[in-house]
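# Inside the fold
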Amino acid sequence: MSDRLAVLPQYLLPKQAMTWLAGRIAGAEAGAWTTWLIQWFVRRYGVNMAEAAEPDITRYVSFNAFFTRALKPDARPLADARWMCPVDGAISQIGPLAGERLVQAKGHHYTATALVGGDSALAREFHGGHFATLYLSPRDYHRIHMPAAGSLRRMIHVPGELFSVNPTTARGVPGLFARNERVVCVFDGEQGGFAMVLVGATIVGSMATTWHGVVNPPRPRDLREWAYAPGEVDLQRGQEMGRFLLGSTVVMLLPPGLLQFNPRWAPGGAIRMGEAMAY
């Protein structure tokens, strides 16, 4: 079956309603039922609870609390590299921007302008730079950390679709990451400006940042934006910057300049937060 045919049902499903329902279930504090749901999920996806700061699943009051669980302090050492990996997950695509075009999958491209919500001036900052698209599967650790130290400049909530972001959908839905709902976080760092784009998906109940809290819901139809003064929100390398309440994808836009990705990195490869991403 072709990828486009495989994703056809997603065009027909009530994705917004499914996402609302998933959010209600994940946020419910339902005692024994919540514990049963977490137990099922751990078995189904092979979640490694030994590395969790709280390994006892009966201590989580909601599925969201479990899903966004913290890790033990020594679980993810930070590599000595210019850019460190911000998440656990798998590599979807990495590489240089061709002008402002990013590779989504073989035969599929989209633009930085579309990704950041139509702001061509912001997108031009990354022309000639690099990108990394990192997919977080259900079993992964779902907090997002800073790949380098940065001072927050802008945050943009871009409304959009809620297609799945799994590899099959990435191959089958044109412009996927620039079509789905997303939160664009723009930072200034020692090596220039960079952006962390948190991409929503079907049943991703919400996305949150450490400085704002939950960004969505609400899900208005119009783009929303917040501006920050220099020094208002400064985050250190490796510090948590956000989290997904149910899994999704992070797209990173890195500034122009010489950059070499970790030679072990390739599409489809597994990654862990804190390992070297680029030098």
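See the structure printed just above.
Residues numbered from 1 in each chain as written. Predicted model: local features only at pLDDT ≥ 70, side-chain atom pairs only at ≥ 80, totals over all residues. Heavy atoms only, no water.

### Points about the packing of aromatic side chains
As enumerated under the stated definition, the model contains 12 aromatic pairs in all. Measuring from centroid to centroid gives 5.8 Å for F41 and F66, while their planes differ by 80 degrees, and the two rings are edge-to-face. Taken together, the residues span a long stretch of sequence, with F41 in helix α4 (residues 32–45) and F66 in helix α5 (residues 63–67) at a distance of 25 residues. An identical accessibility class is assigned to F41 and F66; each is buried. Pairwise contacts between aromatic rings join W40, F41, Y45, Y60, F63, F66 and F67 into one cluster. Just above the ring of Y45 sits the side chain of R44; from NZ or CZ to the centre is 4.9 Å. (Phe/Tyr/Trp six-rings, centres within 6.5 Å; stacked < 30°, edge-to-face > 60°. Helix = DSSP H or I, 4+ residues; strand = E, 2+ residues; numbered from the N terminus. Buried < 20%, exposed > 50% of the residue type's maximum accessible area, 1.4 Å probe, protein only. Lys NZ or Arg CZ within 6 Å of the ring centre and 35° of its normal.)

### A word on the pattern of salt bridges
In total, this model carries nine salt bridges according to the counting rule given. With its nearest N and O atoms 3.3 Å apart, the salt bridge here joins E240 to R143. Of this pair, E240 sits in strand β14 (residues 240–245) while R143 sits in strand β6 (residues 143–145); the two residues are 97 residues apart in sequence, bridging distant segments of the chain. Of the two residues, E240 and R143, neither departs from the other in class, the shared state being buried. Residues joined in a network through salt bridges with shared partners are E51, R76 and D88. (Salt bridge = Lys/Arg side-chain N within 4 Å of Asp/Glu carboxyl O.)

### Notes on the nonpolar core
Ranked by size, the top nonpolar core spans 36 residues in total, and within it C185, F187, M196, W211 and M241 carry the most contacts. Broken down by secondary-structure element, the contributors of at least two residues to this core are β2 (89–96), β5 (130–135), β7 (150–158), β8 (182–189), β9 (192–199), β14, β15 (249–254) and β17 (276–278). Ignoring sequence-local partners within four residues, the contact set of M196 consists of P86, I144, H145, P147, V183, V184, C185, F187, M241, V250, V251 and M252. (Core = buried A, V, L, I, M, F, W, Y, C linked by side-chain atoms within 4.5 Å. Contact = heavy atoms within 4.5 Å.)

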